[in-house]
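# Residue-level structural notes
Listed below, chain by chain, are the residues.
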Amino acid sequence: MENYICRTCGVEFTESETPPPNCPICDDPRQYVGWDGQQWTTMDGLKEQGYSNEVREIEPGLTGIGIAPSFSIGQRALLLQTPGGNVLYDCISLLDDDAVAAINALGGIQAICFSHPHFYDSMVSWSLTFDNAAIIVPEADREHVMRPHPNIQYWDGEPLEVMPGATLIQCGGHFEGSAVLHWAGGADGEGALFVGDSITVVPDRRFVSFMTSYPNLIPLSAPEIDRIVTAVEPYEFDRIYGGWWGRNVMQGAKDAIRRSAARYVEHIRGDLQT
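Quick look at the structure, then. In this numbering scheme, every chain counts its residues from 1 along its sequence in written order. This being a predicted model, a pLDDT of at least 70 is required before a residue's local features are given, and a value of 80 or more before pairs of side-chain atoms are given or counted; all residues contribute to the totals for chains, interfaces and linings. Only hydrogens and water are removed before side-chain values are computed, so all heavy atoms of the structure are retained for them.

Here the focus is the environment of Ser52. Secondary structure elements are taken from DSSP: a helix is a run of H or I of four residues or more, a strand is a run of E of two residues or more, and numbering for both begins at the N terminus. Locating Ser52 in the fold gives a position in strand β3 (residues 52-59). On the accessibility criterion, Ser52 (30% relative accessible area) is partly exposed. Counting along the chain gives 42 residues from Ser52 to Leu94, while the straight-line C-alpha distance between them is 7.3 Å. Residue contacts are defined here by distance: any two heavy atoms, one from each residue, within 4.5 Å place the two residues in contact. Beyond its immediate stretch of four places on either side in the chain, Ser52 contacts Gly66, Ile67, Ala68, Leu94 and Asp96. Exposure is judged per residue with a 1.4 Å probe applied to protein chains only, and the accessible area is read against the type maximum: over 50% gives exposed, under 20% gives buried, and values in between give partly exposed.

All of the buried residues in helix α3 (residues 97-105) are Ala99, Val100 and Ile103. Looking down the long axis of α3, one finds its buried residues gathered within 100° of arc, a one-sided arrangement. In α3, the exposed positions angled more than 90 degrees off the buried face are occupied by Asp97, Asp98 and Ala105. In this structure, the buried residues of α3 make contact with β3, β4 (62-68), β5 (77-82) and α4 (123-129). Just beyond α3, the residue with positive phi is Gly107, at close to 110°. What the arc describes is the spread of directions from the helix axis to the C-beta atoms.

A word on the packing of aromatic side chains. Aromatic pairs are defined between Phe, Tyr and Trp rings, using the six-membered ring for Trp, whenever the two ring centres lie within 6.5 Å; interplanar angles under 30 degrees are classed as stacked, those over 60 as edge-to-face, and all others as tilted. On inspection of all chains with the given rule, the structure shows 9 aromatic pairs. The rule for a charge over a ring is simple: NZ of Lys or CZ of Arg within 6 Å of the ring centre, and within 35 degrees of the ring normal. Taking the ring centre of Tyr154 as reference, the NZ or CZ of Arg142 above it sits at 3.7 Å.

The biggest cluster of nonpolar side chains holds 30 residues, and the ones touching the most others in it are Leu88, Ile109, Met123 and Trp126. Those elements that place two or more of their residues in this core are α2 (43-48), β4, β5, α3, α4 and β8 (134-138). Apart from residues lying up to four places away in sequence, Met123 is in contact with Cys91, Ile112, Phe114, Ile135, Val137, Val145 and Ile152. Side-chain atoms within 4.5 Å are what join buried Ala, Val, Leu, Ile, Met, Phe, Trp, Tyr and Cys residues into a set we call a nonpolar core. In terms of nonpolar packing, the next biggest core, distinct from the first, is built from 28 residues, Leu220, Val229, Val232 and Val249 among them.

This next bit is on the sheet that holds strand β19 (residues 248-249). Between any two strands, pairing holds if DSSP finds at least two bridges. The 6 strands are arranged β10-β11-β12-β13-β18-β19 in an open sheet whose pairing can be described as mixed. Two strands lie at the open edges of the sheet, namely β10 (160-163) and β19, each paired on one side alone. One ladder, built from 2 bridges, connects strand β18 (residues 239-242) with β19; its direction is antiparallel. Bridged to Tyr241 within β19 is Asn248. Note on definitions: angles span 0 to 180 degrees between N-to-C directions of axes, and those axes are lines fitted to C-alpha atoms, for helices only across the stretch in contact. Set on the sheet, helix α6 (residues 253-268) makes contact with β13 (192-196), β18 and β19; between it and β18 the angle comes to about 70°.

Moving on to the side chain of Ser260. With respect to the secondary-structure elements, Ser260 resides in helix α6. Since its relative accessible area comes to 2%, Ser260 is described here as buried. Among residues more than four places away in sequence, those in contact with Ser260 are Phe207, Val208 and Phe210.

Cysteine sulfur atoms that come within 2.5 Å of each other are treated as a disulfide pair. Inspection of every chain in the model, using the stated rule, returns 0 disulfides. Lacking any disulfide linkage, Cys6 is separated from the closest cysteine sulfur, that of Cys26, by 3.6 Å. We classify Cys6 as buried; its relative accessible area is 0%. Cys171 takes part in no disulfide bond, and the closest cysteine sulfur to it belongs to Cys113, at a distance of 12 Å.

Here we come to a negative patch on the surface. A cluster of acidic side chains, namely Glu2, Glu15, Asp44 and Glu48, defines a negative patch on the protein surface. Along the polypeptide, Glu2 turns up in the segment before β1 (5-6). Looking at Glu2, the relative accessible area reads 36%, which means it is partly exposed. By definition, no residue in a patch forms a salt bridge, and every one has over 30% relative accessible area; like charges are joined within 9 Å, nonpolar side chains (Val, Leu, Ile, Met, Phe, Trp, Tyr) within 5 Å. Residue burial considers only the protein chains on display, and all accessible areas are found by Shrake-Rupley using a 1.4 Å probe. Just to be clear on terms, a salt bridge is a Lys or Arg side-chain nitrogen sitting within 4 Å of an Asp or Glu carboxyl oxygen. Counted as positive: Lys and Arg. Counted as negative: Asp and Glu. His and the chain ends are not counted at all. One atom stands in for each charge, and that atom is NZ of Lys, CZ of Arg, CG of Asp or CD of Glu.

Limitation: the analysis is restricted to geometry and does not speak to function.
What follows is the structure, encoded as structure tokens:
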């Protein structure tokens, strides 16, 4: 029996003797089946194919963990150290021995939470490796869990202090349960927001954007944009850490969200032409 991993979205499935017939995550309109058709691998298969974890300190108390070479969507996870325990925000498909050792040296993982289902990846395997760390999944996105497990705790969507100074905020948008993580002590005490692509940092890193589907270019409505901005407005933050290496807004992040939301809504309403 294997826990098969979809090569397109990177999500790990419950044990089976043969690969699943399809990937519901990729069948969803927000994602896509790879151009070469549905393909599968396993965590051991990734290691045999030469993939490994890349671990980088981003700022004191914050570490990024990715996969090299890039796999599936190409995101990296964020490991936040807090006085009460460590939080992994978003997940990746691969976990190798070197990464386990590096993470344990930082205090392990006590809780795992997410921006949205495309980054659930091998969340159960990570939890099992790190002393059954609690996996926090929004009730609104329960149907997108491809490997159910008792370590998963379903969250009602109210702001949740996962660890001291680390608050999970459901903002909706990309998925109904899409969430960001507010780190009060980040950015030298100015506050930081981890967003995955619930709010995505665009190549012009003065701005962010918002979509129902990024690969399929399906926009969000103005009310959904307002919901996202309203959800994060009570929190102070000067920095945003996006879902990929280097996709960060390093200062003025709260104003960047306000400014970007206003620009987006003006465009979809037809008030701007450029």
